[in-house]
Amino acid sequence: MALFLAYDPGYTLNFSEHVFPVRKYELIAAELIKRGVVGERDFLKPDPATDEQLLLAHTPEFLERLRRYAGTNPMAALHELEAPCYPETLVAKRFMTGGSILVTEKAIEAKGCGVNIGGGFHHAEADRGGGFCFLNDIVISIRVAQKKGFIRRALVIDTDVHQGNGTASIVLDDTTIRLLDIHQRDNYPTKVPAELNIGLEDGCGDREYIEGLKAGIEKVIGEHGPFDLIHYVAGADPWKDDKLGGLKLSMDGFRARDRLLIVTAKKLSVPLIVTLAGGYAQRTADTVNIHAQMVEEMIAVYGKK
Ligand SMILES: [Zn+2]
């Protein structure tokens, strides 16, 4: 068993004034080092994803449009992506996609766990972005692994407070990738059918959330398993003080969620991949802590590589 972490300073997004905490990636990496959980050298440095890899989930027209935003008018991307698309932003997104690809391959090879301190951009569809998401690193990383023959079927468990509409739409007709999505029902975005959508009511707390997720996991695996990989989209925005979410998870609730995913992957002996997705806590330190304690939980079970 082993855990692989990917992070690169190139992940930092330059959205300037934005609700997205653009420095969260470097803050999480620094927090993990400060806590003595990892050393600087424990982070694997990814290569940016190639066009060939991006095309496994996106259309050439969409990639061309992203390049056009970056090359001519970054602010014109706001109406589609709800974030500006500077040339550096696009590079950062490619790096993070590369991180998801890297930890997926490493974790499969070692039958362990991989955490990308980035990624989880689940609102990106095949031919358009949205909700700060440009490139769907979740689907891309799974399809790279499938193409190389490392895995056949994957289960995405998306726990961000917002539904992963991009992932759902891309894999709608792809029976090799199934999606279990637990989210706040009355929130962004317009929901897209998935293998199992669990829409929670406003104000839902730890107990209901964990019980719903547990039952959902059992159902989707029982009905649609077996899977060769679980990709856990570990959004921090079900947090009780989140600016863009209306659920009420506590820190203990997040820890219970992490443990549930770890126990599930271990029981099935399948590699577990984690990407971060959203998190808009009133205090960025809370978003950082939610992700840092997730890595602590992973290390407690899987150890370091
Ligand atoms: Zn979200």
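In what follows, the accompanying structure is described. Source: prediction; values computed, not measured.

1. With respect to the sheet that holds strand β2 (residues 43-44)
So, point 1. The strand order across the open sheet built from 8 strands is β2-β1-β3-β8-β7-β4-β5-β6, with neighbouring strands paired in parallel fashion. Since the sheet does not close on itself, it has two edges, and those belong to β2 and β6 (196-200), each with one partner.
So, point 2. Bridge count for strand β5 (residues 177-184) against β6 is 5 bridges, and the pairing is parallel. In the sheet register, D181 faces β6, and the bridge partner there is N197.
So, point 3. Seen against the sheet, helix α9 (residues 251-268) touches β4 (154-158), β7 (229-233) and β8 (272-275) and runs at an angle of roughly 175 degrees to β7.

2. Considering the environment of A49
So, point 1. Mapped onto the fold, A49 is located in the loop between β2 and α2 (51-54).
So, point 2. C-alpha of A49 to C-alpha of G164: the two residues are 115 residues apart in sequence and 21 Å apart in space.
So, point 3. When residues no more than four places from it in sequence are discounted, the contact partners of A49 are L54, R94, T97, G98 and I101.

3. Brief notes about the side chain of D258
So, point 1. In this structure, D258 sits in helix α9.
So, point 2. Within the buried set, D258 has no salt-bridge partner at all; the shortest N-O distance to an opposite charge, 4.5 Å, is to R257.
So, point 3. If we ignore the near neighbours within four places in the chain, the residues touching D258 are Y232, Q293, M294 and E297.

4. Concerning the nonpolar core
So, point 1. Membership of the largest hydrophobic core comes to 107 residues, with the highest contact counts inside it found for V115, I117, L272 and M298.
So, point 2. Residue contacts for I117: discarding those within four places in its chain leaves L5, A6, Y7, Y11, Y25, I28, A29, L32, F43, L276 and V295.

5. So, the coordination of the zinc ion
So, point 1. On the protein side, the zinc ion has D160 (OD), H162 (ND1) and D237 (OD) as donor atoms, found 1.9 to 2.1 Å from it.
So, point 2. Here the donor residues for the zinc ion map to a single chain with the spacing D-x1-H-x74-D.
So, point 3. By relative accessible area, which is 1% here, D160 ends up buried.
So, point 4. For H162, a relative accessible area of 6% puts it in the buried group.

6. Quick notes on empty space enclosed by the protein
Summary: where empty space remains is shown by rolling a probe the size of a single water molecule over the atoms.
So, point 1. For the structure on display, the rule yields 2 cavities of 30 Å³ or more.
So, point 2. Reported here for the largest cavity is a volume of approximately 50 Å³.
So, point 3. Around the largest cavity, the lining residues are L54, L63, L66, R67, L90, R94 and L135.
So, point 4. Counting only elements with at least two residues in the lining of the largest cavity, the list comes to α3 (60-72) and α5 (87-110).
So, point 5. With 3 residues, α3 is the single largest residue contributor to the lining of the largest cavity.

7. Structural notes on the packing of α9 against helix α10 (residues 284-302)
So, point 1. Across the interface, α9 lies against α10 with an axial gap of 10 Å and an inter-helix angle of 35 degrees. Handedness of the α9/α10 crossing: right-handed. In contact with M251, F254, R255, D258, R259, I262, A265 and K266 of α9, α10 contributes D286, N289, I290, Q293, M294, E296, E297, M298, V301 and Y302.
So, point 2. Considering only residue class, the contact of α9 with α10 consists of 9 nonpolar, 2 polar and 7 charged.

8. With respect to unusual backbone geometry
So, point 1. Following Y188, the chain continues into P189 via a peptide bond in cis, with omega recorded as -5 degrees.
So, point 2. Note that P189 resides in the loop between β5 and β6.
So, point 3. A cis amide bond, omega 0 degrees, links G225 with the succeeding residue P226.
So, point 4. Structurally, the position occupied by P226 is in the loop between α8 (206-224) and β7.
So, point 5. The phi torsion at S269 lies on the positive side, around 55 degrees, for a residue other than glycine.
So, point 6. The topology assignment puts S269 in the loop between α9 and β8.

Basis of the calculations
Residues numbered from 1 in each chain as written. Predicted model: local features only at pLDDT ≥ 70, side-chain atom pairs only at ≥ 80, totals over all residues. Heavy atoms only, no water. Pairing = 2+ DSSP bridges. Helix = DSSP H or I, 4+ residues; strand = E, 2+ residues; numbered from the N terminus. Contact = heavy atoms within 4.5 Å. Axes fitted to C-alpha atoms, helices over the stretch in contact; angles between N-to-C directions. Buried < 20%, exposed > 50% of the residue type's maximum accessible area, 1.4 Å probe, protein only. Lys, Arg positive; Asp, Glu negative; His and termini not counted. Salt bridge = Lys/Arg side-chain N within 4 Å of Asp/Glu carboxyl O. Core = buried A, V, L, I, M, F, W, Y, C linked by side-chain atoms within 4.5 Å. Donors = N, O, S within 2.8 Å, 3.2 Å for Na, K, Ca; no water. 1 Å grid on protein atoms, 1.4 Å probe; cavity = no way out; pocket = protein on both sides within 12 Å on 5 of 7 lines; lining within 4 Å. Points joined across faces, edges and corners; volume = space filled by probe spheres on them. Left-handed = near helix turned anticlockwise from the far one by under 90°. Nonpolar A, V, L, I, M, F, W, Y, C, P; charged D, E, K, R; others polar.

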